[in-house]
Number of protein chains: 2
Amino acid sequence: MKTCKLALIGFGNVGQGFAQILRDQQETISALGLNCLIVAVSDLHKGSIYQPQGFSPADLLQAVKEGSSLENLPAQARGWSAEETIRQSGADVLVELSYTDLQTGEPATGHVRLALQEGMHVITTNKGPVALHYPALQALAQQKGLKLGIEGTVMSGTPSMQLGGELLAGAGVFKIQGILNGTTNYILSQMETGAPYAEALAGAQQKGYAEADPTGDVEGYDAAGKVVILANVLMGASLTLSQIQREGITRLTPADIQSAQAAGERWKLIASLEKTPAGEILASVRPTRLPQAHPLASVGGATNAITFSTALLGDVTLIGPGAGRLATGYAILSDLLAIYRA
Amino acid sequence: MKTCKLALIGFGNVGQGFAQILRDQQETISALGLNCLIVAVSDLHKGSIYQPQGFSPADLLQAVKEGSSLENLPAQARGWSAEETIRQSGADVLVELSYTDLQTGEPATGHVRLALQEGMHVITTNKGPVALHYPALQALAQQKGLKLGIEGTVMSGTPSMQLGGELLAGAGVFKIQGILNGTTNYILSQMETGAPYAEALAGAQQKGYAEADPTGDVEGYDAAGKVVILANVLMGASLTLSQIQREGITRLTPADIQSAQAAGERWKLIASLEKTPAGEILASVRPTRLPQAHPLASVGGATNAITFSTALLGDVTLIGPGAGRLATGYAILSDLLAIYRA
C-alpha cells in the first residue's frame with residue numbers, strides 16, 4: 001500500500017467530486033494499492049486548512065454542505081495562501097483546481113510551476129496552464145523526475161489523454177477529431193428535435209450545461225482550448241489558441257439542421273487536428289456535417305467523443321462523459337493511479 | 001533506451017505483422033525508449049532459429065515471403081523446439097503466438113507457464129491460455145514479479161484490456177457489453193442491405209473475415225471465449241466457457257433484420273457481462289436488438305466495440321478494429337510498451 005499526501009488548491013465542484021470519491025470508494029482505491037490523504041485544502045472562499053495526518057473527506061464535504069468555513073474544522077494550521085500551502089504542506093501531489101483563465105493561465109500556472117520546483121507531482125483539471133504553458137511545465141516536470149497529470153482537461157474523467165498518450169503511443173496517431181464540448185453537442189441534439197437555437201440554448205442553461213454567458217462554449221473557445229492541449233500534449237506541437245481556426249454553432253439555423261437530416265447526415269461541432277506529411281499541424285474547431293456512419297455522428301446529448309486516426313490500427317474512438325462532478329473527480333483519481341502505478 | 005530481447009513462438013500472420021511493425025516503425029519505437037531484438041523464432045512449419053544479437057525483422061519477413069525456411073538465415077542455433085527456445089534463448093519476453101485451441105489451451109498454456117517459471121515476461125494474443133487458465137497464470141506471473149500481456153486476445157490491438165484493466169480500474173466497472181466478433185458484425189451489416197444470411201456469409205468468407213468452417217464465429221464461440229477473458233481478467237471471476245449462455249446469429253432471418261430496421265433498431269451479436277449486487281457474474285453472447293441511440297448500434301462492418309458501464313463515469317465506449325495483421329501485431333507492441341513503462 002502506497003500512501004500519497006495531497007494538497008488541494010480550490011475546493012469547488014471538482015474538488016468536492018474528488019473528495020466524494022475518496023469518501024465513497026475507499027475500498028476500491030485500497031484494493032488498487034493506494035491510500036490517499038488530503039493533508040491541505042486552500043480555497044479562496046471556503047478557507048484554508050492543513051493537518052499532517054489528513055482530513056476526513058466526509059468532514060470536508062459536510063462543512064461545505066453546511067456553508068461553514070473549512071477553517072472551523074480541527075486543523076494544525078489555518079489561513080495559508082496557495083503558495084504557503086504548496087511550500088509548507090509536505091504533500092506528495094498538488095491537485096490544482098483553481099479557476100480557469102484561458103487568457104493568462106494564472107494563478108494556476110504559478111501554482112503548478114511552484115509545486116514542481118518544490119518536488120511535488122501535479123494533477124490538474126484546469127485547461128489554463130495546460131493550454132498555455134504545457135511544453136515548459138512538462139519539461140520542468142521531466143527535469144525533476146515528476147509527473148504532470150492532466151487527464152481531466154479534456155473529456156473530464158473519460159481517459160482520452162491516457163488513451164492517446166500511452167495506449168496509442170506506438171500506433172502512429174496522425175489525426176484526431178472530437179466532440180469535445182458537451183454543451184454545444186446538447187444544443188445541436190435538441191435542434192435536431194425541432195427546437196430553434198435560442199430555445200435549445202435556454203434548455204441547456206436550465207439543465208446547468210451552459211453558463212449565463214454561453215460564449216465560451218457556443219463560439220468554440222472551450223473546444224479550441226482542448227485542441228491546443230491535444231496538439232501540444234499528444235502531437236508535440238507548440239500551438240497557441242490564436243492559431244486554431246475557430247467557428248462556433250451560433251450561425252447554424254433550423255434549416256441547416258433539417259437539410260442535413262434529410263440527407264442522412266448530422267451537424268456536429270468538430271474539433272480537428274491533423275499532422276501533414278510535412279509535419280505541420282492543422283487545427284480547427286468548426287461545425288461539420290457528418291455522414292451517419294461516421295463514429296462521431298451518433299454521439300448525442302452532452303456526451304463527448306474522440307477519434308484517433310492511426311497508422312497501425314486505423315480509427316480508434318472513445319466515447320464518454322465530458323463533464324460532471326464525479327466524472328471530473330475521477331480524472332484526478334485516474335491520474336493518481338497512473339502516477340503510483342509507474 | 002531499454003533493450004528487450006524477444007523470443008517468438010509461432011510466426012504466422014500475427015508474428016509477421018509484429019515483425020513488420022518493428023521493421024517499419026523503428027523510429028517511433030526508439031522515441032518511446034525501447035529497442036526490441038528478436039533473438040529467437042520457433043515455428044512448427046517455418047523453422048526455428050536463434051541468434052543472441054537479434055535478427056533483422058526484414059530478413060525474417062523476406063524469408064517467409066520467399067517461402068524459404070527461416071533456418072536458411074544466418075543463426076547461431078537451429079531446430080530448437082518451443083521448449084528449448086524458451087529455456088535457452090535468454091529472452092526477456094516470450095511472445096506466444098502458436099495456434100489457438102479453446103478446448104485444451106495447449107500447447108500455448110505450457111509455453112506461457114514455462115516462460116514465467118524461467119523468469120520471462122509473457123505476451124500472448126492467443127485466447128486459449130487466457131480463456132482457460134488466466135487466474136493461475138496471472139498468479140504465477142505475480143509471484144515471480146513478471147507481467148502477462150494479453151491485450152491482443154480481445155479486439156486485437158484496440159486497447160480494450162488496458163482501458164478496462166488500468167484506465168478504468170478505479171471507476172467501478174459493473175457491466176460490460178461488446179461487439180467482439182467482427183465476422184458476425186460484418187454479416188449482420190450485410191444482411192441490413194438486404195442480403196440473406198447465406199449470401200452475407202459467403203461474402204465474409206470471400207473477404208477473408210470468415211473461415212471455411214465458420215462455426216466458431218457464427219455460433220458465438222469466439223465471442224464467448226472473449227467474454228470469459230473479460231470476466232476473469234477485469235472482474236476477477238473464474239468463469240469457464242460452458243458457463244456462458246451462448247446463442248449465435250444463424251437463426252436470424254431477413255425478416256428479423258427488416259422488422260428491427262423498421263422500428264429504428266439494429267440486431268447485433270452482443271457479448272455481455274454483468275456483476276449483480278450479490279457479486280455474481282452473469283455472462284452471455286446473444287443476438288440483441290439495440291435502439292439506434294445505443295453507442296454500439298452504429299458500429300458497422302468488421303469493427304469491434306466495447307462499452308464499460310461504471311459507477312463514476314457512466315458509460316465509456318471504445319470502438320476500433322478487432323482483427324488484422326498489423327492491428328494484432330500492434331497489440332504485442334502495446335503490451336511491450338506497458339511492460340517497460342512500468
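Coordinates for the structure precede this section.
Residues numbered from 1 in each chain as written. Chains lettered and ligands numbered in written order. Predicted model: local features only at pLDDT ≥ 70, side-chain atom pairs only at ≥ 80, totals over all residues. Heavy atoms only, no water.

## A look at the sheet that holds strand β3 (residues 47-55) of chain A
All names here are of chain A. Selection criterion: We treat two strands as partners when DSSP finds at least two bridges between them. Helix numbering and strand numbering both begin at the N terminus, where a helix is a DSSP run of H or I of at least 4 residues and a strand a DSSP run of E of at least 2. It only takes one pair of heavy atoms within 4.5 Å for two residues to be counted as in contact. Here, axes are lines fitted to C-alpha atoms. For helices the fit covers the stretch in contact, and angles between N-to-C directions go from 0 to 180 degrees.
Read from one edge of the open sheet, seven strands run β4-β3-β2-β1-β5-β6-β7, paired in mixed fashion. Bordering the open sheet on either side are β4 (77-78) and β7 (148-149), each of which pairs with just one other strand. Strands β1 (2-9), β5 (93-96), β6 (121-124) and β7 of the sheet are contacted by helix α5 (residues 108-117), whose axis makes an angle of about 175 degrees with β5. Across the face of the sheet, helix α13 (residues 325-341) comes into contact with β1, β2 (34-43), β5, β6 and β7 while running at roughly 155 degrees to β6.

## Considerations on the relation of the copies chain A and chain B
Selection criterion: Least squares is the method for superposing the copies, and the C-alpha atoms it fits come from residues with pLDDT of at least 70 in both.
In the superposition of chain A on chain B (RMSD 0.0 Å, axial shift 0.0 Å), the rotation amounts to 180 degrees. Taken together, the rotation and translation relating the two chain copies correspond to the operation of a two-fold axis. When you check the interface residues of chain A against chain B, 100% turn up at the interface there too, and the contact is symmetric in its surfaces.

## Describing the nonpolar core
Heads up, the condition is: The criterion is simple. A nonpolar core is a set of buried Ala, Val, Leu, Ile, Met, Phe, Trp, Tyr and Cys residues joined through side-chain atoms within 4.5 Å. Exposure categories follow from relative accessible area, calculated using a 1.4 Å probe and restricted to protein chains: below 20% of the type maximum is buried, above 50% is exposed, and the middle band is partly exposed.
In terms of nonpolar packing, the biggest core is built from 219 residues, with L336(A) and L336(B) touching the most fellow members. L336(A) has contacts with C4(A), L6(A), F18(A), L34(A), C36(A), V93(A) and I123(A), leaving out every residue within four places of it along the chain.

## Notes on the interface of chain A and chain B
Going by this rule: By buried area we mean how much accessible surface two parts lose on assembly, using a 1.4 Å probe and totalling the loss over both. The salt bridge definition used is simple: a Lys or Arg side-chain nitrogen within 4 Å of an Asp or Glu carboxyl oxygen. Between N or O atoms, a polar contact is any pair within 3.5 Å; within protein, one atom must be a potential hydrogen donor and the other a potential acceptor, and residues adjacent in sequence are included only when both atoms are from side chains.
Taken together, the contacts link 32 residues of chain A with 32 residues of chain B. Both sides together, the interface formed by chain A and chain B hides about 2900 Å², and carbon and sulfur atoms give 68% of it. Joining chain A to chain B, the criterion identifies two salt bridges. The salt bridge involving E166(A) is made with R341(B); its shortest N-O contact spans 3.5 Å. At the surface where chain A touches chain B, the tally comes to six residue pairs in polar contact (both at pLDDT 80 or more).

## Quick notes on the sheet that holds strand β12 (residues 304-310) of chain B
In spatial order, the strands read β9(A)-β11(A)-β10(A)-β8(A)-β12(A)-β13(A)-β13(B)-β12(B)-β8(B)-β10(B)-β11(B)-β9(B); together these 12 strands make up an open sheet with mixed pairing. The open sheet has two edge strands with one neighbour each: β9 (245-246) of chain A together with β9 (245-246) of chain B. Two strands pair when backbone bridges link them, and β9(B) and strand β11 (residues 281-291) of chain B are joined in this way by two bridges, in the parallel orientation. Following the sheet pairing, Q245(B) is matched in β11(B) by S284(B). Across the sheet, helix α7 (residues 160-167) of chain A lies against β12 (304-310) and β13 (314-320) of chain A together with β13 (314-320) of chain B, angled at about 10 degrees from β12(A), the strand it touches most. Those strands touched by helix α11 (residues 221-234) of chain A are β8 (173-179), β9, β10 (265-275), β11 (281-291) and β12 of chain A, and its axis lies near 125 degrees from that of β11(A).

Shape descriptors only; they carry no functional weight alone.
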